Amino acid sequence: QGMQPVLSRSYGYGNRKEVKQVLRYAMSVMLRISAAVYLAFLLWADPITGAFNRDGDLVLAHIAQAGLRLYFIAIPFAGGNIVLAAYFTSIECALPAQVISLSRGFFVILPAAGLMAYVFGLTGVWLSWPLAEGLVAVMGAALYAGKRVAAFDKRDSVG
């Protein structure tokens, strides 16, 4: 989120190179943090789930540990979606930012949860967030590819 003022300033000055560098840096940092967080969930799923399983129910612990490992596959996709939404906001492209935000928070996650639960049961519930964030990430990448140059062309013709 802290990249947004830097991107806005760079975009306002028409500095394409800096906009690209800031976005690349933000994505790089996001991927590193995502990898560290996911690794933590992989390595410490037992103590994490144990903190919420005061009765020590072994069946619940097994389900929760497996679920954490599946559910948090979404972390890099979610991070990338947040970075792209901030990017689009920063370069005066509100519509793609809104599409990403609303898709990940409502339009894609709800059908994904219902469909995945129906098809795969409990495993599908755990995988619905990664699926939704992954689909939105693909959509975000397509929006980025289409808007990358168009945003600067729009700005150059106005200013």
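Scope of this entry: the structure provided in the associated data block. (Residues numbered from 1 in each chain as written. Predicted model: local features only at pLDDT ≥ 70, side-chain atom pairs only at ≥ 80, totals over all residues. Heavy atoms only, no water.)

**A word on the overall build of the protein chain**
Helix and strand counts for the protein chain stand at eight helices and zero strands. Mapped from its N terminus to its C terminus, the protein chain presents α and β elements in the order α-α-α-α-α-α-α-α. In terms of overall dimensions, the protein chain has C-alpha extents of about 65 × 30 × 20 Å along its principal axes. Within the span of the protein chain, comprising 159 residues, buried residues form 36% of the whole. Just so you have it, the protein chain exposes about 9,400 Å², and 68% of that area is on carbon and sulfur atoms. Computing the positive centroid from 13 side-chain charges and the negative centroid from 8, the protein chain places the two 11 Å apart. (Helix = DSSP H or I, 4+ residues; strand = E, 2+ residues; numbered from the N terminus. Buried < 20%, exposed > 50% of the residue type's maximum accessible area, 1.4 Å probe, protein only. Areas by Shrake-Rupley, 256 points an atom, 1.4 Å probe, with all protein chains shown as cover. Lys, Arg positive; Asp, Glu negative; His and termini not counted. Charge placed at Lys NZ, Arg CZ, Asp CG, Glu CD.)

**Some remarks on a nonpolar patch on the surface**
Together, Leu39, Leu42, Leu43 and Trp44 make up an exposed nonpolar region whose accessible area comes to about 400 Å². Structurally, the position occupied by Leu42 is in helix α2 (residues 16-43). (Patch = residues over 30% accessible without salt bridge, like charges linked within 9 Å, V, L, I, M, F, W, Y side chains within 5 Å. Salt bridge = Lys/Arg side-chain N within 4 Å of Asp/Glu carboxyl O.)

**As for the side chain of Ser128**
Tracing the sequence through the fold places Ser128 in helix α8 (residues 122-158). The buried category is assigned to Ser128, whose relative accessible area is 6%. For Ser128, the residues in contact, after removing those within four places along its chain, are Ile109, Ala112, Ala113 and Met116. (Contact = heavy atoms within 4.5 Å.)

**Considerations on the packing of aromatic side chains**
In this structure the tally under the stated criterion is eight aromatic pairs. Judged by centre distance (5.1 Å) and plane angle (75°), the ring pair of Phe106 and Phe107 falls under edge-to-face. In this structure Phe106 comes out as partly exposed when scored by relative accessible area, which is 45%. Among the aromatic residues, those joined into a ring-pair cluster are Phe41, Tyr71, Phe72, Trp126 and Trp129. (Phe/Tyr/Trp six-rings, centres within 6.5 Å; stacked < 30°, edge-to-face > 60°.)

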